[in-house]
Amino acid sequence: LGRMKPVIVVHGGAGRIFKEREEGCRAGVVRAALQGYGVLRRGGSAVDAVEEAVQSMEDDPHFNAGCGSVLNEKGEVEMDAIIMDGKNLDSGAVSAVKCIANPIKVARLVMEKTKHMLLTDHGAHLFAQAMGIPEIPGEKLITERSRERWKKNLEPDSNPVEFQKDLGTVGAVAIDSEGNVACATSTGGLSNKLVGRVGDTACIEGSGGYADNHSGASSTTGHGESIMKVVLARLILYHMEQGLSPEVAADTALDYMKTRVGGLGGVIVVNKAGEWAARFSTKQMSWAAVKDDNLHYGIYAGEKHIISVDEALASESEGF
């Protein structure tokens, strides 16, 4: 049996990343990629690896997921998350969940412990309780920055759309040594969104993420409503099934979303051969990937740093 070389790719959201947050975003995606790769290197599954990577970013206040999530119009955090296993197309998702540190964990439990694919709001809350997921006060998830932005967006002359530009999602895709692929995506959604708004992340129909061993896996970030309109994650896999490389498939799908519905975003992709890509139509997207014991990462278009994993692990303590 030919063993696959494991690969993981992560993103910390597409959009505009303010200068003072760049370093933190870079370090955050690198940390997540290295953690996920650690799982793969120990022979762990793609599903375990993407869950681990996303959890790392949910715990990092630099990202709009878990701690650091943006606030809805009422000033609360409501989060969405999805995970999918390319082996059998099993998937689990939660939407509009509150007071939980790691929504991706609950999504994984929905996939493995229920016959359903998506639990929302109160039902997701009851399920998480039944599964023994600890509840935390909602305030614990709120950063100073999220509260500031929420207040600004409440001002009568504010334009929340302007503020959405530096927001996104976090996500990961991976292929393990068995050749199984998986994806995971998690987000706090749009700032000052209506209560109960569900974006692309929780949409299982291939918007926020999709994984299928027959073609590959993708995770998306950007304007959720646009992503849903073109079913972006699945569209990329479709292009790869037609024989396009991950990079060309990603660019083709992003281009279609831009011309068809005026939406901007970013994607990470891995195909069944272990080739990967991180592409975006926004100004920036923080991303990192590990393959062949080399770490690749960047934020700007055309920016790509490559260092060995061992070197990265050694310098992790010093930051990037």
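Since we're looking at a predicted model, the values are computed, not measured.

When the UniProt feature table is mapped onto this chain, "active site" (unreviewed entry) is found at T169. Along the chain, the position of T169 falls in the loop between α6 (160-163) and β5 (170-175). By relative accessible area, T169 is classed as buried at 3%.

All right, on to the pairing of strand β6 (residues 181-187) then. With seven of seven residues buried, β6 is to be regarded as a mostly interior element. For β5 and β6, the ladder comprises six bridges, and the chain directions are antiparallel. For G171, the partnering residue across the bridge sits in β6 and is T185.

Packing of helix α2 (residues 46-58) against helix α3 (residues 103-113) brings their axes to within 8 Å, and their N-to-C directions diverge by 150°. One element, α2, and the other, α3, form an angle in the roughly antiparallel class. Between α2 and α3, the contacting residues are V47, D48, E51, V54, Q55 and E58 on the first element and P103, I104, K105, R108 and M111 on the second. For the contact of α2 with α3, the residue count by class is five nonpolar, one polar and five charged.

Counting across every chain of the model gives 14 salt bridges. When the shortest N-O distance is used, the salt bridge between E303 and R26 registers 2.9 Å. In this pair, E303 sits in the loop between β12 (294-300) and β13 (305-308) while R26 sits in helix α1 (residues 19-41), placing the two residues 277 residues apart along the sequence. Assessed through its relative accessible area of 13%, R26 is described here as buried. In this structure, R279 and E247 form a salt bridge, with 3.8 Å as the shortest nitrogen-oxygen distance. Taken together, the residues R279 in strand β10 (residues 276-280) and E247 in helix α9 (residues 246-261) connect sequence positions 32 residues apart.

This part is about the packing of α1 against α2. To characterise two packed helices, one gives the angle between the axes of the helices and the distance between these axes. Where α1 contacts α2, the two axes come as close as 8 Å, and the packing angle between them is 155°. Between α1 and α2, the angle is such that the two are roughly antiparallel. Between α1 and α2 lies a crossing of right-handed hand. Taking contact as the criterion, the partners of G28, V29, R31, A32, Q35, G36, V39 and L40 in α1 are, on α2, A46, D48, A49, E52, A53, S56 and M57. Residues of the contact of α1 with α2, tallied by class, amount to eight nonpolar, four polar and three charged.

The strand order across the open sheet built from four strands is β7-β8-β9-β10, with neighbouring strands paired in antiparallel fashion. Whereas interior strands pair on both sides, the edge strands pair on one side only; in this sheet they are β7 (209-212) and β10. Within the sheet, the average angular offset between the axes of one strand and its neighbour, ignoring direction, is 5°. Two strands pair when backbone bridges link them, and strand β9 (residues 265-271) and β10 are joined in this way by five bridges, in the antiparallel orientation. Residue pairing in the sheet places G266 in a bridge with F280 of β10. The strands touched by helix α8 (residues 232-241) within the sheet are β7, β8 (216-222) and β9, with β8 carrying the most contacts at an inclination of about 140°.

Moving on to the environment of D59. Along the polypeptide, D59 turns up in the loop between α2 and β2 (79-85). Its relative accessible area of 44% is what places D59 among the partly exposed residues. In sequence terms D59 and R41 are 18 residues apart; their C-alpha atoms lie 22 Å from each other. In contact with D59, not counting residues within four places along its chain, are A101 and N102.

In this structure, I8, V10, I83, A288 and L295 are the most contacted members of the largest nonpolar core, which totals 56 residues. Ranked by the residues each element gives to this core, the list is headed by α1, at nine residues. Counting 34 residues, the second-largest nonpolar core is a separate cluster that includes L235, I236, A253 and V270.

The element strand β1 (residues 7-15) is largely enclosed, with a buried count of nine among its nine residues. The pairing of β1 with β5 spans five bridges and is antiparallel. In the strand pairing of β5, V9 is matched with V173. In terms of strand pairing, β1 meets strand β11 (residues 284-291) through seven bridges, oriented antiparallel. When the bridges of β11 are listed, V9 appears paired with A289.

By the definition in use, this model includes zero disulfides. Note on C25: no disulfide assigned, nearest cysteine sulfur contributed by C67 at a separation of 13 Å. Sulfur of C67: no disulfide; nearest cysteine sulfur belongs to C99 and is 13 Å away.

Quick notes on the rules
Residues numbered from 1 in each chain as written. Predicted model: local features only at pLDDT ≥ 70, side-chain atom pairs only at ≥ 80, totals over all residues. Heavy atoms only, no water. UniProt positions renumbered as here; feature names shortened; annotations may be inferred. Helix = DSSP H or I, 4+ residues; strand = E, 2+ residues; numbered from the N terminus. Buried < 20%, exposed > 50% of the residue type's maximum accessible area, 1.4 Å probe, protein only. Pairing = 2+ DSSP bridges. Axes fitted to C-alpha atoms, helices over the stretch in contact; angles between N-to-C directions. Parallel < 35°, antiparallel > 145°, perpendicular 65-115°, else oblique. Contact = heavy atoms within 4.5 Å. Nonpolar A, V, L, I, M, F, W, Y, C, P; charged D, E, K, R; others polar. Salt bridge = Lys/Arg side-chain N within 4 Å of Asp/Glu carboxyl O. Left-handed = near helix turned anticlockwise from the far one by under 90°. Core = buried A, V, L, I, M, F, W, Y, C linked by side-chain atoms within 4.5 Å. Disulfide = S-S within 2.5 Å.

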